[in-house]
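# Residue-level structural notes
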Amino acid sequence: MTQINQSTHQLERDALGRLVFIDNKGERHVGVHPVRAFPITAPGAGIAIMNQSGKELCWFPNMAAISEAELGLIEEELAEREFMPVIEKITKVSTFATPSIWDIETDRGPTRIRLKGEEDIRRIAGNTLLIADSNGLQFLIKDSTQLDKVSKKLLDRFR
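This section reports on the structure supplied with the text. Each chain has its residues counted from 1, following the order in which its sequence is written. It should be noted that, the model being predicted, local features are given only for residues of pLDDT at least 70 and side-chain atom pairs only at 80 or more, the latter also being counted only at that level, while totals for whole chains, interfaces and linings use all residues. Computation of side-chain values: all heavy atoms of the structure, hydrogens and water removed.

### Remarks on the sheet that holds strand β7 (residues 87-93)
Paired strands are those between which DSSP finds at least two bridges. Comment: elements are numbered from the N terminus, with helices defined as DSSP H or I runs of at least four residues and strands as E runs of at least two. Pairing in this open sheet of 3 strands is antiparallel, and the strands run β7-β8-β9 from one edge to the other. Each having just a single partner strand, β7 and β9 (109-115) make up the two edges of the open sheet. Along the sheet, successive strands turn relative to each other by an average axial angle of 30 degrees, direction set aside. Bridge count for strand β8 (residues 100-106) against β9 is 7 bridges, and the pairing is antiparallel. Bridge assignment links Thr-106 to a residue of β9, and that residue is Gly-109. The sheet strands contacting helix α2 (residues 149-156) are β7 and β8, and the helix crosses β7 at an angle near 65 degrees. Only the contacting stretch of a helix is used when fitting its axis, a line to C-alpha atoms as for every element, and angles between N-to-C directions run 0 to 180 degrees. The contact rule is simple, with two residues in contact once any of their heavy atoms fall within 4.5 Å.

### Quick word on the pattern of salt bridges
Salt bridges are identified by distance alone: a Lys or Arg side-chain nitrogen within 4 Å of an Asp or Glu carboxyl oxygen. Taken as a whole, this structure holds 5 salt bridges when the rule is applied. The closest approach of N and O atoms between Glu-12 and Arg-28, which form a salt bridge, is 3.1 Å. Of this pair, Glu-12 sits in strand β1 (residues 10-13) while Arg-28 sits in strand β3 (residues 28-30), and the two are 16 residues apart along the sequence. Look at Glu-12 and you get partly exposed, because its relative accessible area is 22%. Taking relative accessible area as the criterion, Arg-28 reaches 44% and is therefore assigned partly exposed. Among the salt bridges present, the one from Glu-77 reaches Arg-13, with a minimum N-O distance of 3.0 Å. Remark: Arg-13 occurs in strand β1 and Glu-77 occurs in helix α1 (residues 68-81); sequence separation between them is 64 residues. Accessibility here uses a 1.4 Å probe with only protein chains present; expressed as a share of the type maximum, an area under 20% marks a residue as buried, one over 50% as exposed, and anything in between as partly exposed. Owing to a relative accessible area of 13%, Glu-77 belongs among the buried residues under this scheme. Relative accessible area serves as the criterion here: at 27%, Arg-13 is assigned to the partly exposed category. What you see here is one network of salt bridges that share partners, running through Arg-13, Glu-76 and Glu-77.

In structure tokens:
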């Protein structure tokens, strides 16, 4: 793991829109991607730049260690790779047994998910929950205590 001094590398996009990391030796690594160390609990702490084989090329201990121009590129790339809708409200569940169908409202709009079992609701940290639907899509509840009364009641039936 190499912590990189800002002046020893460069991050840019090529003509095809791929992210390119140029190391301190001038070697170009095409098609790199950023990976968060703790994407849910500490998204700004620890970001690695990985090559296509999964080898870490550099490590940033936090977002403050990244130049503004490179941070823009990294955030664009992360937005394309990370898709985790946030559940804002649970409006209806088909049954209190599993499997069940949930009608939910997320930060990306309303949708319907299928919960296979109670084990698909996992506590990440504190009141943060991760819910996996039957298709493997992950949904996040940032703070279950901040949900409305109906949502809390429906969720409590499954935990």
